Amino acid sequence: MAIKHFLDLHEISTETFRHLLGVAHGVKRDRKLHSTSLAGKTLAMVFEKPSLRTRVSFDVAMHQLGGHSLMLTGGEIQLKSDTSVPDAARALSRYVDLIMFRTHAHSYLTTMAEHATIPVINGLTHDTHPCQVLADVMTFEEHRGKLDGKTVAWSGDGRDNVCTSWIHAARHIPFHFRIAAPKAYQPRAELIAAMQAAGAQIEIMEDPGAAVHAADCVLTDTWVSMGFEEETMARREVFAPYQVNSALMARAKKDAVFMHCLPAYRGQEVTREVIDGPQSIVWDEAENRMHAQKAVMLWCMGVI
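Source: prediction; values computed, not measured.

Engineer: Describe the nonpolar core, with residues and values.
Structural biologist: Counting 58 residues, the largest nonpolar core has Phe6, Phe17, Ile121, Trp166, Phe177, Ile202 and Met297 as its most contacted members. With residues up to four places along the chain from it excluded, the contact list for Met297 reads Leu38, Leu43, Phe58, Ala61, Met62, Leu65, Leu98 and Ile121. Core analysis: the second largest hydrophobic core is formed by 19 residues, Ala44, Tyr108, Leu109 and Ala113 among them.

Here you go:
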């Protein structure tokens, strides 16, 4: 049987995407569902980039499915170059049943998957964050129903890994995705063209007000992701007009929701009154990482 990796949303079918959402909702409604499905299985969580939500959500999810997890850092398994990743993949494949890899270079992830003989899950790379967006879509559905036909607005870095995974999700669900970003930080044209050719409804613009106008959901992320700290001052200056504040949220629908993958920097990409206000659903979004990842692990292991 072919190994089922979970690397990026555009690499799975629309049927699988929707199936994963359904299972995620199901395991949240009934915590006993699949409580022994991964009994005797072990998940290796490999972190080159630190995390709170990814670590805890995968760890707890695996335990609630009846399995076991262990955490490893890139330094512990000596991931020093592209050439060391294949050996790590081969060795881990002899010990565990699943690998979750949170790394910097996307090439490390794809190399891990190429050489592993067990499923590999993308826990985040510089390029994409598919587990986060699966949880995001799940969270929107909980609060506002199906995403089909709705408008989602992004304000900030258009090359952010979460934004990129939302672009990938747009090929599976017919929602309108508007991305407001400075010209130099807009998504790559070839990516947008490829996703639009696959059916995604995506608009790129520089004006955050126009992007957010009548939107059902407003999204952003930190302006300075891990690995870009040397650009902190320049990024704060260029992204200042893209801050999600009360004035910008007022351009969206009255019942629009706000989401952020966290960690958030209040007073920078989002103001306190928005992220801590009544339209914010960020804590449900954070919790749903666990349920979405249960669905991913069950799918990778052939249970669902």
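Engineer: Could you give an account of the pattern of salt bridges, naming the residues involved and the relevant values?
Structural biologist: Using the criterion set out here, one finds 12 salt bridges in the structure. As a salt-bridge pair, Arg235 and Glu231 come within 2.9 Å of each other at their nearest N and O atoms. Assessed through its relative accessible area of 27%, Glu231 is described here as partly exposed. Where salt bridges share partners, they join Lys28, Arg31, Glu142 and Glu287 into one cluster.

Engineer: Requested: an account of the environment of Leu262, with residues and values cited.
Structural biologist: By the element assignment, Leu262 lies in the loop between strand S9 (257-260) and helix H11 (272-275). Sequence separation between Leu262 and Met71 is 191 residues; the distance between their C-alpha atoms is 21 Å.

Engineer: Now, about the packing of aromatic side chains: what can you tell me, with residues and values included?
Structural biologist: Under the defined criterion, the tally for this structure stands at seven aromatic pairs. A centroid spacing of 6.5 Å and a plane angle of 80° characterise the contact between Phe6 and Trp299, whose relative ring orientation is edge-to-face. With a gap of 293 residues between them, Phe6 in the segment before helix H1 (14-29) and Trp299 in helix H12 (residues 282-300) connect regions that are remote in the sequence. Its relative accessible area of 0% is what places Phe6 among the buried residues.

Engineer: So, the sheet that holds strand S8 (residues 217-220): which residues are in play, and what are the values?
Structural biologist: Reading across from one edge, S7-S6-S5-S8-S9 is the order of the five strands in this open sheet, with parallel pairing throughout. Of all the strands in the sheet, just strand S7 (201-205) and S9 have a single pairing partner and so form its edges. Direction aside, neighbouring strands of the sheet carry axes that sit 20° apart on average. Looking at chain direction, strand S5 (residues 151-155) and S8 are connected through three bridges and run parallel. Each bridged residue has a counterpart across the sheet, and for Trp154 the counterpart in S8 is Leu219.

Engineer: Pulling in residues and values, what's your account of the sheet that holds strand S2 (residues 68-73)?
Structural biologist: Pairing between the strands of a sheet comes from backbone hydrogen bonds, and it takes one of two forms, parallel or antiparallel. Reading across the sheet, the four strands line up as S2-S1-S3-S4 and stay open at both edges, with parallel pairing between neighbours. Taken across any chain shown, the strands that pair with only one partner, and hence form the sheet edges, are S2 and strand S4 (120-124). The average angle at which neighbouring strand axes cross in this sheet is 20°, direction not considered. With four bridges joining them, strand S3 (residues 98-102) and S4 adopt parallel strand pairing. Bridge pairing in S4 places Phe101 opposite Asn122. This element, helix H4 (residues 106-115), spans S3 and S4 of the sheet and lies at about 165° to S4.

Engineer: Help me get a handle on helix H2 (residues 53-64), residues and values and all.
Structural biologist: With 12 residues, H2 extends 16 Å from end C-alpha to end C-alpha; this agrees with the ideal 16 Å at 1.5 Å per step. Considered for burial, the residues of H2 that qualify are Thr54, Ser57, Phe58, Ala61 and Met62. Buried positions in H2, seen along its axis, are confined to an arc of 125° and lie on one side of it. Residues of H2 that are buried sit in contact with strand S1 (42-47), S2, S3, S4, helix H5 (130-144) and H12. A positive backbone phi angle near 95° is found at Gly66, which sits one or two residues after H2.

Conventions adopted
Residues numbered from 1 in each chain as written. Predicted model: local features only at pLDDT ≥ 70, side-chain atom pairs only at ≥ 80, totals over all residues. Heavy atoms only, no water. Core = buried A, V, L, I, M, F, W, Y, C linked by side-chain atoms within 4.5 Å. Buried < 20%, exposed > 50% of the residue type's maximum accessible area, 1.4 Å probe, protein only. Contact = heavy atoms within 4.5 Å. Salt bridge = Lys/Arg side-chain N within 4 Å of Asp/Glu carboxyl O. Helix = DSSP H or I, 4+ residues; strand = E, 2+ residues; numbered from the N terminus. Phe/Tyr/Trp six-rings, centres within 6.5 Å; stacked < 30°, edge-to-face > 60°. Pairing = 2+ DSSP bridges. Axes fitted to C-alpha atoms, helices over the stretch in contact; angles between N-to-C directions. Expected span 1.5 Å × (residues − 1). Arc of directions from axis to C-beta.

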